[in-house]
Amino acid sequence: MPFLGKDWRSPGWSWTKTDHGWKRIVFFGHELEDNNKDIDLKELCSDNNENLFVGEVCELANTKRKKEFYNNNTKSQFVFRDKWIYVQKGSTKERHGYCTLGEALNRLDFSSAIQDLRRFNYVAKLFQLIARSQLTSLSGAAQKNYFNILEKIVRKVLEDNYNPRLVKELLQDLSSTLHSLTIHFGRCVLVGNVNIWLCRLETIVKWQQELNNMQIPKQLYTGMSFNDLPLHMQNQILCKLSDACDIINLGQATPTLHILSENMTLWKKLCQFHFSDKPFCRNLGLTRSDNVDWKLMYFTLQKHYPMKEQYGDTLHFCKHCSILFWKDQHVALFLKDFGHPCTSNDPDSCLMPISPQHFIDLFKF
């Protein structure tokens, strides 16, 4: 007879084998371990009248106080570092329940992902989309984890001066959403006390001020600089940029770069890259007229069509296993490890890169 119950060693948890059997591994935050090494039941029972409790009653009260102490002294209740999660969209005899957006946010290792420059823009864009429309769908623990990771994103920008414009847009969208929810809707759509959200709004304003006051130090190089490169090489580098704001900002650095950034051939290639597959835009590459202002054309098309997103690395989804995971390119290349326990004969054919919007759509039921 097949086993139809829930396996007590399901892949949702991490297990280790000991001499006395299997034990589940629970990863607590670092602050939880550091702040609570010396907690003793006697200390928790020493104040008030809890010394009147005996046996199991005293232990139950102490357990409750321990839990409250943990939650108040740690930024996150649990720290998961799973490389993959199973995306479950319906209940079966073997599996019950659903995988939500908040669960994916808690379990996938986004904290380490933002330390990788290839994944930083991807995570920041995902958090921006969540801030715009999905913040109220997160659980309390997921919202707490969201702001913890967001703080790490802001700190990385302040320390490394990496892509502050994207994080500024993220904080602006988040501030607008929270202002609308706290002022117009109140606590009916937010998990937790509304005063906590007002404090988070103040924290966001503080982060915005820090980013606005950020000064990028001038780098002193004794070797060859960007301006020492030949003009055709500088032009080739500009052609590799897919963001119009980056091209405009780079053109403000020197008069030579300003001339290169105003080249209509550059803006024509940018229009073809972002909008050639859009309706009524498939003939952009066939246009040979020299009278077209391609820079104006780009910003006109931008108002009507979304731009093509490009990331150094993204999450991947296995259509065979229904597993969402980070794919390590170096490990997959040399060790033939595809980032998750795939049972397909041809794992490469089942993999699908997931954009930030597609990530959110996976958890819409």
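Note that the structure is a prediction, hence the values are computed from the model and not measured.

Focus on helix H10 (residues 231-239)
- Buried residues of H10: Gln234, Asn235 and Leu238, and no others. On an axial view of H10, the arc spanned by its buried residues comes to 100°, and they lie on one face.

Points about the nonpolar core
- Phe110, Val123, Tyr146, Leu174, Leu324, Phe359 and Phe363 are the most contacted members of the largest nonpolar core, which totals 50 residues.
- Ranked by size, the runner-up nonpolar core spans 15 residues in total, among them Trp267, Leu270, Val292 and Leu301.

Thoughts on the environment of Glu262
- Structurally, Glu262 is set in the loop between helix H12 (255-261) and helix H13 (264-275).
- Among the residues examined, Glu262 registers a relative accessible area of 32% and is labelled partly exposed.
- Separated by 15 residues in the primary sequence, Glu262 and Ile247 have C-alpha atoms spaced 9.1 Å apart.

Considerations on the pattern of salt bridges
- Evaluation of the coordinates by the stated rule reveals 10 salt bridges.
- Of the charged contacts, one joins Asp116 and Arg118 as a salt bridge, the two residues approaching to 2.8 Å between their closest N and O atoms.
- For Lys295, the salt bridge is made with Glu262, and the minimal N-O distance between the two is 3.0 Å. Note that Lys295 is positioned in helix H14 (residues 294-302) and Glu262 in the loop between H12 and H13, a separation of 33 residues in sequence.

Comments concerning the packing of aromatic side chains
- Under the defined criterion, the tally for this structure stands at 14 aromatic pairs.
- On the basis of an interplanar angle of 65° and a centroid distance of 6.3 Å, the ring pair of Phe110 and Phe127 is categorised as edge-to-face. Placement of the pair is Phe110 in helix H5 (residues 110-113) and Phe127 in helix H6 (residues 117-134), with a sequence separation of 17 residues.
- In this structure Phe110 comes out as buried when scored by relative accessible area, which is 1%.
- Pairing Phe120 with Tyr162 gives two aromatic rings, centres 5.2 Å apart and planes at 75°, and the pair type is edge-to-face. Taken as a pair, Phe120 in helix H6 and Tyr162 in the loop between helix H7 (140-160) and helix H8 (164-185) lie far apart in primary sequence, 42 residues in all.
- For Tyr162, a relative accessible area of 24% puts it in the partly exposed group.
- Members of the aromatic cluster, joined through ring pairs, are Phe110, Tyr122, Phe127, Tyr146, Phe147, Trp197, Tyr311, Trp326, Phe359 and Phe363.

Some details on the confidence of the model for the protein chain
- Per-residue pLDDT for the protein chain averages 76, and the proportion of residues at 70 or more is 69%.
- Per-element confidence in the protein chain is highest for H6, whose mean pLDDT is 92, and lowest for helix H1 (residues 30-35), whose mean pLDDT is 42.
- Predicted confidence for residues 68-74 stays below pLDDT 50, and this span has 13 contacts to residues more than four positions away or in other chains.

So, unusual backbone geometry
- Here the phi dihedral of Asn161 falls at roughly 55°; this positive angle occurs in a residue that is not glycine.
- Residue position: Asn161 is located in the loop between H7 and H8.
- Here Ser322, not a glycine, exhibits a phi torsion of approximately 55°, which is positive.
- One can find Ser322 in the loop between strand E4 (315-318) and strand E5 (323-326).
- Exposure remark for Ser322: the relative accessible area of 23% places this residue in the partly exposed category.

Remarks on the pairing of strand E1 (residues 14-18)
- Here five bridges tie E1 to strand E2 (residues 21-25), and the two strands are oriented antiparallel to one another. Across the sheet, Thr16 pairs through a bridge with Lys23, a residue of E2.
- Counting the residues in the hairpin turn of E1 and E2 gives two residues.

Here we look at the packing of H6 against H7
- At their nearest, the axes of H6 and H7 sit 11 Å apart, and the two run at 130° to each other. The pairing of H6 with H7 is recorded here as oblique in orientation. In the crossing of H6 with H7, the sense of the turn from one axis to the other is left-handed. Listed contacts from H7 to Leu117, Phe120, Val123, Phe127, Ile130 and Ala131 of H6 are Tyr146, Ile149, Leu150, Ile153, Lys156 and Val157.
- Its residues assigned to classes, the contact of H6 with H7 shows 11 nonpolar, no polar and one charged.

Rules used throughout
- Residues numbered from 1 in each chain as written.
- Predicted model: local features only at pLDDT ≥ 70, side-chain atom pairs only at ≥ 80, totals over all residues.
- Heavy atoms only, no water.
- Buried < 20%, exposed > 50% of the residue type's maximum accessible area, 1.4 Å probe, protein only.
- Helix = DSSP H or I, 4+ residues; strand = E, 2+ residues; numbered from the N terminus.
- Arc of directions from axis to C-beta.
- Core = buried A, V, L, I, M, F, W, Y, C linked by side-chain atoms within 4.5 Å.
- Salt bridge = Lys/Arg side-chain N within 4 Å of Asp/Glu carboxyl O.
- Phe/Tyr/Trp six-rings, centres within 6.5 Å; stacked < 30°, edge-to-face > 60°.
- pLDDT = per-residue confidence, 0-100.
- Contact = heavy atoms within 4.5 Å.
- Pairing = 2+ DSSP bridges.
- Axes fitted to C-alpha atoms, helices over the stretch in contact; angles between N-to-C directions.
- Parallel < 35°, antiparallel > 145°, perpendicular 65-115°, else oblique.
- Left-handed = near helix turned anticlockwise from the far one by under 90°.
- Nonpolar A, V, L, I, M, F, W, Y, C, P; charged D, E, K, R; others polar.

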